[in-house]
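Below, each chain spelled out in residue letters.
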Amino acid sequence: MTSLRRSLPSLTALSTFEAAARLCSFTQAAAELGVTQAAVSRQIKALERELNTSLFTRAHKRVVLTPSGTALAATVSLSFANMAEMIDTLRRPVSSDTVAVAATLGFTHFWILPRLADFRDRHPDIKLKLVAEDDITDLRRDGLDVAIRYGRPPFPHATSLASRADRVFPVCSPALIAKLGIGGAAPDLARLPLIASDTVNPFWLTWKSWAQKVGLGGDLGRASDRSGLRFNHYTDFIHAALSGEGVALGWETLISTYLSQGRLVRLGTHCLTTEERYHVITPDERVPTPQAQAFLDWLIASLESDLPD
């Protein structure tokens, strides 16, 4: 029987092909692999010669898989994913009692941390590793057991086990209400000091998009454009509102603690229920450890127990 080493192309060539096929770009593949575009092109040409078939058609500023390339890409991608999954399993101790949990900084700060004592009281022997980051995470690659993601499925290499929507409405501190004499069921938000946010998440609402969805017209959006205070992160955005700096858009799930404490107060009656949802996700093809399952059970039950009325 011919050995695998003699019958298969080099691993370097296959990994180069996988990156180029996935990204549909030799240039992007080169950047990901840390090599030059010319090196990627040489590897692909050598692989095509060895297989005696064309894998890509070259178009302007991009490459397109041929039928043969598509078939090979599917096999290589699956094989690499299976190898990565097995290596990840072997690297991680079977008896590990640490659960790695990823969420955005806002969700970690505003939702998980105020409730963390409850979980630790119930499961004092389970260790947690909280990874607070706002970038999309590959759970399998980063060795994560659980993640909370806001948006719409599907999520790469992950399955959503539970989800919940949120409600968004204007909030401010009681001190600002007293200072400005804000009253009534329908305050003129466009005349109030709005705290604005700059966001790269397409699912995140700005004053302009929120106003359009609740039917308040363009005045509010134009007022937010003139805002003298802007933030690029929701934690700073809410802390500014807590300090009485202005009116912010409040995501009820995240600020429920401050609302119940009276540190933030809802303004007006306009409210938007989001189409996107918070999803509890786990990596595909990995059975949760008993410790991870305990955290999942607690997390899902906690999310369901404090749903808004």
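How each quantity is defined
- Residues numbered from 1 in each chain as written.
- Predicted model: local features only at pLDDT ≥ 70, side-chain atom pairs only at ≥ 80, totals over all residues.
- Heavy atoms only, no water.
- Core = buried A, V, L, I, M, F, W, Y, C linked by side-chain atoms within 4.5 Å.
- Buried < 20%, exposed > 50% of the residue type's maximum accessible area, 1.4 Å probe, protein only.
- Helix = DSSP H or I, 4+ residues; strand = E, 2+ residues; numbered from the N terminus.
- Contact = heavy atoms within 4.5 Å.
- Phe/Tyr/Trp six-rings, centres within 6.5 Å; stacked < 30°, edge-to-face > 60°.
- Lys NZ or Arg CZ within 6 Å of the ring centre and 35° of its normal.

Enquirer: Help me understand the nonpolar core in this model?
Expert: It is characteristic of soluble globular proteins that their nonpolar side chains tend to be buried jointly. Counting 58 residues, the largest nonpolar core has Phe107, Trp210, Tyr234, Ile238, Trp251, Leu254 and Leu299 as the members making the most contacts within it. For this core, the element with the most residues is helix α12 (residues 290–305), which contributes eight residues. When near neighbours in sequence (up to four residues on either side) are disregarded, tryptophan 210 contacts Val168, Phe169, Pro170, Leu189, Leu205, Leu216, Leu220, Leu249, His270, Cys271 and Leu272. If you look at the next biggest cluster of nonpolar residues, it comprises 17 residues, including Ala19, Ile44, Leu47 and Phe56.

Enquirer: Before we go on, may I ask you to explain the packing of aromatic side chains in this structure?
Expert: Describing an aromatic ring pair means giving the distance of the ring centres and the angle of the ring planes. With the rule as written, the count across this model stands at 17 aromatic pairs. A ring pair is formed by phenylalanine 110 and tyrosine 234, whose centres lie 6.1 Å apart and whose planes are at 85°; its orientation type is edge-to-face. Here phenylalanine 110 is found in helix α6 (residues 105–122), whereas its partner tyrosine 234 is found in helix α10 (residues 234–242), with 124 residues between them in sequence. Exposure remark for tyrosine 234: the relative accessible area of 9% places this residue in the buried category. With a centroid separation of 3.9 Å and 15° between ring planes, the pair formed by tryptophan 204 and tryptophan 251 is classed as stacked. Placement of the pair is tryptophan 204 in the loop between β8 (196–197) and α8 (207–214) and tryptophan 251 in strand β10 (residues 248–251), with a sequence separation of 47 residues. The pair tryptophan 204 / tryptophan 251 is uniform in exposure class, with both members buried. In this structure, arginine 266 is placed above the aromatic ring of phenylalanine 169, and the distance from its NZ or CZ to the ring centre is 4.5 Å.

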